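Okay, here's what each chain looks like letter by letter:
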Amino acid sequence: MSEKRRNAKYGAQTNLIHGGTQRSQFGETSEAIFMNSGYTYESAATAELRFKGEAEGFIYTRFGNPTTKMFEDRLALLDGAEYCYATATGMAAANTSLFSILKAGDHIVAGRAMFGSNVYIADDLLPRFGVSSTIVDGRDIDAWQQAIRPNTKVFLLETPTNPGIELVDIAAVSKLCKANGIILIVDNVFATPILQEPFKLGADIVFYSATKLIDGQGRAMAGAVLCNDEEIAAQVLTYIRQTGPSCSPFNAWIMLKGLETLDLRVRQQTLNAEKVADFLYGRKHVSKMLYPTHKSHPQYELAKQQMTGGGNMLAIEIAGGKDQAFKFCNALELVLYSNNLGDTKSLICHPATTTHQRLDEEFRQKLGITSGLLRLNVGLENVEDVIADLEQALAQL
Ligand SMILES: Cc1ncc(COP(=O)(O)O)c(C=O)c1O
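My aim in this report is to walk through the structure given alongside it, one point at a time.

The rules behind these values
- Residues numbered from 1 in each chain as written.
- Predicted model: local features only at pLDDT ≥ 70, side-chain atom pairs only at ≥ 80, totals over all residues.
- Heavy atoms only, no water.
- Core = buried A, V, L, I, M, F, W, Y, C linked by side-chain atoms within 4.5 Å.
- Buried < 20%, exposed > 50% of the residue type's maximum accessible area, 1.4 Å probe, protein only.
- Helix = DSSP H or I, 4+ residues; strand = E, 2+ residues; numbered from the N terminus.
- Domains from an automatic or database assignment.
- Contact = heavy atoms within 4.5 Å.
- Patch = residues over 30% accessible without salt bridge, like charges linked within 9 Å, V, L, I, M, F, W, Y side chains within 5 Å.
- Areas by Shrake-Rupley, 256 points an atom, 1.4 Å probe, with all protein chains shown as cover.
- Salt bridge = Lys/Arg side-chain N within 4 Å of Asp/Glu carboxyl O.
- Disulfide = S-S within 2.5 Å.
- Pairing = 2+ DSSP bridges.
- Axes fitted to C-alpha atoms, helices over the stretch in contact; angles between N-to-C directions.
- Phe/Tyr/Trp six-rings, centres within 6.5 Å; stacked < 30°, edge-to-face > 60°.
- Expected span 1.5 Å × (residues − 1).
- Polar contact = N/O pair within 3.5 Å; in protein donor to acceptor, adjacent residues only side chain to side chain.
- Near = heavy atom within 4 Å.
- Nonpolar A, V, L, I, M, F, W, Y, C, P; charged D, E, K, R; others polar.

**Brief notes about the nonpolar core**
Among the nonpolar cores identified, the biggest contains 50 residues, and F71, L75, W144, F155, L184, I214 and L226 are the most heavily contacted of them. Element by element, the count of residues in this core is highest for helix α11 (residues 249-280), at seven residues. Two domains each provide a minimum of three residues to this core, namely domain 1 (3-259) and domain 2 (262-395). Non-local contacts of F71, meaning those with residues more than four positions away in its chain, are made with A86, A210, I214, G223, A252, M255, L256 and L259. Grouped together as the second largest cluster of nonpolar side chains are 42 residues, Y85, A110, V189 and A233 included.

And the structure:
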């Protein structure tokens, strides 16, 4: 860990405002956007040294840029990670995490309840390149254990899951990893580092879709891969350098500024979501409500143990299936229909016909993605307004 990070004397919120900042000769208050692809060198010899890794300095924005670095350093501070690499999207981060460290002949075990594209990489794409995969019910620790083979290199999990709000016990899965020399990769998109710290629970790699809560305002796409192991970091950096899933400096700047308000937004959206969860639980026409820290959640104890708050995402099932679920969504006036999430605007979507449409019906049922299931992103509006909107839409069923 760099001296600066190890000696960080400030609290998390202070680091979110100031962490990683590098000022140009103009002393700008807000961080500068360096929109350049290349760099000039004072001499050919300087360029040679930089390419050899014997002199400090940027070479090419595909794998290094001052604005992108400020974002990476700020996020690394928050997550308690030594290394952070920004990517173009969350899926570029997922892809980079996996492809940078796996090779043909390896085996990966993944929790089955994950964002559809994560399932696609684990279950469809990797096997095409000779990496076999086993998909397990992530809630079942015995299933993770039983799936281990001599060539198992990686465990991949997401918690809470999109959209079923299932939890995976990171510490218990990490224990298995440590005992078997397996690398644990955690998608921490729903919780963010504000509510869940996977490195403290034993994760080796954490990745984000920064598109979600880190931006938080639906403006731009980005992702990030974080780790503490030098060898893994070198593999990740080489992969980014050679294959180019890199983050635009402009998008990195948006994410850097997003981090400044992340803590405030996540905490307030969590408070709002708790109220929405209380309102929706047990309501007429709502056959199921899933929110991690609601007492009714089947993994409530685990949520309390590994998260400091339930987050802004919840799932509900509308009785009567797709027709009623669609009717409910269409009756909403303030809550918008969108497959995006993490936004300050409250958003709702029907995963079975959107984000998880590609999965076959049997698999969807296993994940609890029924025809009535809706995923709700609770935003930053006056929560009374959101609840009133949900109430009037339910009354139309
Ligand atoms: C849990 C999770 N992981 C990864 C992603 C992918 O992120 P992106 O859309 O930035 O590629 C998403 C997107 O919805 C997600 O919800």
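**Things to note about a nonpolar patch on the surface**
Taken together, the side chains of I33, M35 and F250 make up a nonpolar region of the molecular surface, amounting to roughly 280 Å² of accessible area. Relative to the elements of secondary structure, I33 occurs in the loop between α2 (12-18) and α3 (44-52).

**As for the state of the cysteines**
On inspection of all chains with the given rule, the structure shows zero disulfides. There is no disulfide at C177, and the cysteine sulfur nearest it, in C227, is 15 Å away. Counting only cysteine sulfurs, C349 is the nearest neighbor of C329, a cysteine outside any disulfide, at a range of 8.1 Å.

**Focus: the sheet that holds strand β6 (residues 205-209)**
Spatial ordering of the open sheet is given by β1-β7-β6-β5-β4-β2-β3, a layout of seven strands whose pairing is mixed. Two strands close off the open sheet at either side, each with one partner strand: β1 (83-87) and β3 (132-136). Each adjacent strand pair in this sheet contributes to an overall mean axis angle of 20°, direction not counted. Both strand β2 (residues 107-111) and β3 contribute to a ladder of five bridges, which runs parallel. Paired with V109 across the two strands is T134, which belongs to β3. Seen against the sheet, helix α4 (residues 66-79) touches β1, β6 and β7 (223-227) and runs at an angle of roughly 130° to β1. Packed onto the sheet, helix α10 (residues 230-243) meets β1, β5 (183-187), β6 and β7 and runs at close to 20° relative to β1.

**What to know about the packing of aromatic side chains**
In the structure shown here, the tally under the stated rule is five aromatic pairs. With a centroid separation of 6.1 Å and 25° between ring planes, the pair formed by F250 and W253 is classed as stacked. With a gap of three residues between them, F250 and W253 both fall in helix α11, about one helical turn apart. With relative accessibility at 37%, the residue F250 sits in the partly exposed group.

**A short note on α4**
Taking 1.5 Å per residue, 14 residues should reach 20 Å; α4 reaches 20 Å between its end C-alpha atoms and fits that length. The N-capping residue of α4, defined by a side-chain oxygen 2.8 Å from the backbone nitrogen of T67, is N65. In the segment just after α4, G80 is the residue with positive phi, at about 70°.

**Brief notes about the site of the ligand**
Every one of the 14 residues lining the ligand counts as a neighbour, but G90, M91, D187, S209 and T211 are closest to it. Interatomic distance of 2.8 Å between a backbone N/O atom of G90 and an oxygen atom of the ligand. Within the contact set of the ligand, an oxygen atom lies 2.9 Å away from a side-chain nitrogen or oxygen of N162. Alone, the ligand offers 390 Å² of accessible surface; in the complex the protein occludes 94% of this. Tallied by class, the residues present in the shell around the ligand amount to five nonpolar, six polar and three charged.

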